[in-house]
Each structure stands twice: as C-alpha cells, then as structure tokens.
Amino acid sequence: MKKFLQNKKLLSTFIVIIVIFTVLGGSVSLRNKRNAPLLVQSLGNDIVALGTRIVDVPVGLISGGLNSAHEILNAQDENNHLKRQITNLGQTKVRNASLEKENRQLKAALNLKDTLSGYTLINASVISRAPDTWSDLLTINKGSSSGIKKNMAVMCGGGVIGRIVEADAASSKVELITTTDESANRFSVQADVAIAHGKTVHGIITVTANNQLAFTQVVDGRKLKAGTKVYTSGMGGNSPKGLLIGTVTQTTRDSVGLSDQIRIKPAGDISDPSVVTVIERQVAN
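Residues numbered from 1 in each chain as written. Predicted model: local features only at pLDDT ≥ 70, side-chain atom pairs only at ≥ 80, totals over all residues. Heavy atoms only, no water.

Draft legend 1. Just the overall build of the protein chain, in detail. Along the backbone of the protein chain there are three helices and twelve strands. Here the protein chain holds 285 residues, and 28% of them are scored as buried. Of the contacts formed within the protein chain by residues at least 6 apart in sequence, a portion of 57% connects residues at least 24 apart. Counting every atom, the protein chain has about 18,400 Å² of accessible surface; 58% of that belongs to carbon and sulfur. (Helix = DSSP H or I, 4+ residues; strand = E, 2+ residues; numbered from the N terminus. Buried < 20%, exposed > 50% of the residue type's maximum accessible area, 1.4 Å probe, protein only. Contact = heavy atoms within 4.5 Å. Areas by Shrake-Rupley, 256 points an atom, 1.4 Å probe, with all protein chains shown as cover.)

Take a look at the structure:
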C-alpha cells in the first residue's frame, strides 16, 4: 500500500477515474430527476437546431433549383427528341408519297410498252424543272446518245405531256403542252364524233388564258361530248398518231365567236412527272 501511494502517476490516474465515474453518475442521476435539461445544455441544443435550420434553407433552395433545372433540361431534351421524330415522320411520309407516285408512273411506262407496240419507247427520269418555266420546260436524263431526237413526243402517266425541243448527248429538254409560249410547236389532235357516224374532227392543242388545255380550230366541236378522248393525229409530221392527250370536259365558243373551244383534261401527269417515256415513231419498211 505504501508503494502504491508513493507512485504518484498511478495515484493521479486512479483519482481521475474516480472523479469521472462520480460526475457521470451524478449527471445520470440529475438528468433522471430533472424534468427539463440544464440551461447550458438547452441553450446549446437551440443553437445547434437554429444553425441547422439556417444551413438547411439555402441548401434546400439550391438543391430544389438544381432539381428543377435538371427536370427542365430533361424536358427540353425530350421535347427536341419528339420534334426530331415528328420531322423524320413527316419526311418519311413525303418520301413514301414520292416513291408511290414514281412507282405509279413506272407502272404506266411499262403499260405503254404493251399498248404502244408499234413504237420505240425510251424511258427517262426528270432531273430539273425551273420554277420560272414550270409550265413550259423540264429536263430529262436521256439524250441523243440514247436515241432521243428533236420533236419526239413525251408521255407520263398514260398521256402526252410534251415533246423534245432540244436533245444533247446526255440530256434533253421537254417542251410541255401547257407552255404559254406563243411560238411553241402545238400538237395536232383529233377526236371521234360518235353522233356523226364516226366522223373525226381535227384541231390543235392550245392553252387558254387561265392555263387550261383547249382543243381549238374545230368546226362544230359542240358535237363532242364530255368524256370524248382526244389523240394526236400525226398530221403535223412530228408526232406519232394515236397518242392520248386527254378527255373533253366542256365545249364553249371562243371570245370571237367564230369557232368552238373545247376544254381538255390532260391524261398525262404534267404537274409532277418523275419518270417519262419518249416515243419514237417507227418507220415502215
């Protein structure tokens, strides 16, 4: 015991342990007996709680703002994605419609081979059509190297749409029957008058003031009923005979009142041709 008391370090440690246990025991006993925490403890708790609230408010605002910004960016990305899908869908529909129309024109070109067995047919694609000459000219991707010559008739969709006016080596220009050029070489046409015992009337195709096709220079054309088919007559010497131009829709007198003006609905696809057939008349041996 004397040695233990003489060891100051061991004695100090023992005393500190006793004090700590005494304080802890007193604190626990005091806490159990008190209904409210000590003032210092309560003040410390309030300070900590207040500090936590002060920190939580801006942190919450920043976090909420970041979440909102993230949601806005996600919504914008999704909106852009949907817009691209709508645009792609629209482009697909337009492309499909164009392909369907081209397919119909190709089928019509194949049908011509069966119906026009006495002619040489050259199929070609339209490569350009200027807006300022939309109703006058278009360019195709076949020329003299493919056998195309000036004044050959051009058909699309089962009807004549024009004739070759210029044939280069690899391309040709087509003058449409809807051209308003007064110097254009017009098609000579004919139609059968059923009520006149098979009588055939002749005339030429022209364009009216409102850009409609007309069968003019016809005597007593009022006998032509609506639906009568009009064909090339071959009398001009440039185009084969018997190519369909269109059908009669209405018969009126011209502005002078000297002859009948017969309006024609074109049989060919003039508005938007993509595949055309150039017709060459075969020379009899």
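Draft legend 2. Layout of the pairing of strand S4 (residues 159-167). Direction of pairing for strand S3 (residues 153-156) relative to S4: antiparallel, over a ladder of four bridges. Each bridged residue has a counterpart across the sheet, and for cysteine 156 the counterpart in S4 is glycine 159. Between the end of S3 and the start of S4, which pair antiparallel, lie two residues, with glycine 157 showing a positive phi angle near 70°. Relative to strand S5 (residues 172-176), S4 runs antiparallel, the two sharing five bridges. Among the inter-strand pairings, isoleucine 164 is bridged to a residue of S5, identified as valine 174. The antiparallel hairpin formed by S4 and S5 contains four residues in its connecting segment. (Pairing = 2+ DSSP bridges.)

Draft legend 3. Structural context of unusual backbone geometry. Although it is not a glycine, asparagine 151 sits at a positive phi angle of roughly 80°. As for its position among the elements, asparagine 151 is in the loop between strand S2 (137-140) and S3.

Draft legend 4. The nonpolar core, seen in detail. Membership of the largest hydrophobic core comes to 39 residues, with the highest contact counts inside it found for Ile140, Ile164, Phe215, Val230, Ile264 and Val278. Setting aside chain neighbours within four positions, we find valine 278 in contact with Thr120, Leu121, Ile122, Ile140, Ile148, Met152, Ala153, Val154 and Ile164. (Core = buried A, V, L, I, M, F, W, Y, C linked by side-chain atoms within 4.5 Å.)

Draft legend 5. Structural context of a nonpolar patch on the surface. Among the surface-exposed residues, Phe14, Ile15, Ile18 and Val19 lie close enough to one another that they form a single nonpolar patch of about 350 Å² accessible area. Following the sequence through the fold, isoleucine 18 ends up in helix H2 (residues 8-33). A relative accessible area of 39% places isoleucine 18 in the partly exposed class. (Patch = residues over 30% accessible without salt bridge, like charges linked within 9 Å, V, L, I, M, F, W, Y side chains within 5 Å. Salt bridge = Lys/Arg side-chain N within 4 Å of Asp/Glu carboxyl O.)

Draft legend 6. Here's a closer look at the packing of aromatic side chains. Inspection of the entire model under this criterion finds zero aromatic pairs. One Lys or Arg, arginine 129, reaches over the ring of tryptophan 134 and ends 4.1 Å from the middle of that ring. When the ring centre of phenylalanine 187 is taken as origin, the NZ or CZ atom of arginine 163, which lies over that ring, is 3.9 Å away. (Phe/Tyr/Trp six-rings, centres within 6.5 Å; stacked < 30°, edge-to-face > 60°. Lys NZ or Arg CZ within 6 Å of the ring centre and 35° of its normal.)

Draft legend 7. A look at the environment of glycine 147. Mapped onto the fold, glycine 147 is located in the loop between S2 and S3. Residue class for glycine 147 comes out partly exposed when judged on its relative accessible area of 27%. Sequence-wise, glycine 147 and valine 278 are 131 residues apart; in three dimensions their C-alpha atoms are separated by 9.7 Å. The contact partners of glycine 147, leaving out residues within four places of it in the chain, are Ile122, Met152 and Glu280.

Draft legend 8. Fine view of the side chain of arginine 186. Its place among the elements puts arginine 186 in the loop between S5 and strand S6 (188-193). Glutamate 175 is the oppositely charged side chain nearest to the buried, salt-bridge-free arginine 186, at an N-O distance of 6.8 Å. In terms of polar contacts, arginine 186 uses its side chain to reach the backbone carbonyl oxygen of threonine 179, at 2.8 Å. Those residues within four positions of arginine 186 in sequence are excluded, and the remaining contacts are Arg163, Ile177, Thr179, Thr180, Asp181, Ile205, Thr206 and Val207. (Lys, Arg positive; Asp, Glu negative; His and termini not counted. Polar contact = N/O pair within 3.5 Å; in protein donor to acceptor, adjacent residues only side chain to side chain.)

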